[in-house]
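Chain by chain, the residues:
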Amino acid sequence: MEHISTANPYFGVFVLFLLTFGAFTMTTIIARLASRALAAKNSEKIKLSVYECGPEVTKQPNRISPQFYLFALLFLLFDVEIVFMFPWAVDFKLLGWFGFAEMLMFILLLTIGFIYAWKKGALEWHNIK
């Protein structure tokens, strides 16, 4: 008769993962069934009709330019890339020439992205069209 090998140090973690996944699944199913059972099911014609009231929709005079969002997104993108360069700088001697070549390729890709954004006008604050 074969027994399950529990000699692996991660066997307990795997069992806890299975138990957690099962508990999550059962909690989700029970919550869904309970909400369907307890929900009010009276549907009236007025309740299901379209609700229209309030001020008339007009164009906002002080609209925020999407350029702000694009500029902020590019800032975050290039700012986060610096975070990837810090561990490389710490282990520069340990990585040797291979790590140096990889960082050069990484910087080349960043430069290509930067030039692309520049050519598309993403870095221009005021766009005159």
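- If you look the protein up in an unreviewed UniProt entry, it shows as NADH-quinone oxidoreductase subunit A from Sulfurimonas xiamenensis.
- In its Sequence similarities (unreviewed entry) section, the UniProt entry covering the protein states "Belongs to the complex I subunit 3 family."
- According to its UniProt record, the protein has this under Subunit (unreviewed entry): "NDH-1 is composed of 14 different subunits. Subunits NuoA, H, J, K, L, M, N constitute the membrane sector of the complex."

Considerations on the UniProt feature "transmembrane region" (unreviewed entry) in the protein
Right, so step 1: The positions that UniProt labels "transmembrane region" (unreviewed entry) are, in the present scheme, residues 12-34, 68-89 and 95-118.
Right, so step 2: Strand forms 0% of residues 68-89 and helix 100%; the C-alpha atoms that close the span are 32 Å apart.

Thoughts on a nonpolar patch on the surface
Right, so step 1: Judged by side-chain polarity, Phe14, Val15, Leu16, Phe17, Leu18, Leu19 and Phe21 come together as a nonpolar surface patch covering roughly 730 Å² of accessible area.
Right, so step 2: Turning to its location among the elements, Leu18 is positioned in helix 1 (residues 11-38).
Right, so step 3: With relative accessibility at 43%, the residue Leu18 sits in the partly exposed group.

Some details on the packing of aromatic side chains
Here the distance between the centres and the angle between the planes together describe a pair of aromatic rings.
Right, so step 1: A complete count under the given rule lists 6 aromatic pairs for this structure.
Right, so step 2: Ring centres of Phe17 and Phe21 lie 6.5 Å apart, and the angle between their planes is 25 degrees; this geometry places the pair in the stacked category. Highlighted residues: Phe17 and Phe21, both in helix 1, separated by 4 residues, approximately one helical turn. One exposure class covers both Phe17 and Phe21, and it is exposed.
Right, so step 3: Members of the aromatic cluster, each reached through a chain of ring pairs, are Trp88, Phe92, Trp97 and Phe100.

As for helix 3 (residues 92-119)
Right, so step 1: The end-to-end C-alpha distance of helix 3, which contains 28 residues, comes to just 33 Å, noticeably less than the 40 Å that a straight helix rising 1.5 Å per residue would cover.
Right, so step 2: Along helix 3, the sharpest kink reaches roughly 75 degrees, centred on Phe98.
Right, so step 3: Those residues of helix 3 that sit buried are Gly99, Met103, Leu110 and Ala117.
Right, so step 4: For helix 3, the elements touching its buried residues are helix 2 (66-90).
Right, so step 5: Downstream of helix 3 by one or two residues, Gly121 has phi in the positive range, about 85 degrees.

Definitions and cut-offs
- Residues numbered from 1 in each chain as written.
- Predicted model: local features only at pLDDT ≥ 70, side-chain atom pairs only at ≥ 80, totals over all residues.
- Heavy atoms only, no water.
- UniProt positions renumbered as here; feature names shortened; annotations may be inferred.
- Helix = DSSP H or I, 4+ residues; strand = E, 2+ residues; numbered from the N terminus.
- Patch = residues over 30% accessible without salt bridge, like charges linked within 9 Å, V, L, I, M, F, W, Y side chains within 5 Å.
- Areas by Shrake-Rupley, 256 points an atom, 1.4 Å probe, with all protein chains shown as cover.
- Salt bridge = Lys/Arg side-chain N within 4 Å of Asp/Glu carboxyl O.
- Buried < 20%, exposed > 50% of the residue type's maximum accessible area, 1.4 Å probe, protein only.
- Phe/Tyr/Trp six-rings, centres within 6.5 Å; stacked < 30°, edge-to-face > 60°.
- Expected span 1.5 Å × (residues − 1).
- Bend = angle between axes of the 7 residues up to and from the residue.
- Contact = heavy atoms within 4.5 Å.

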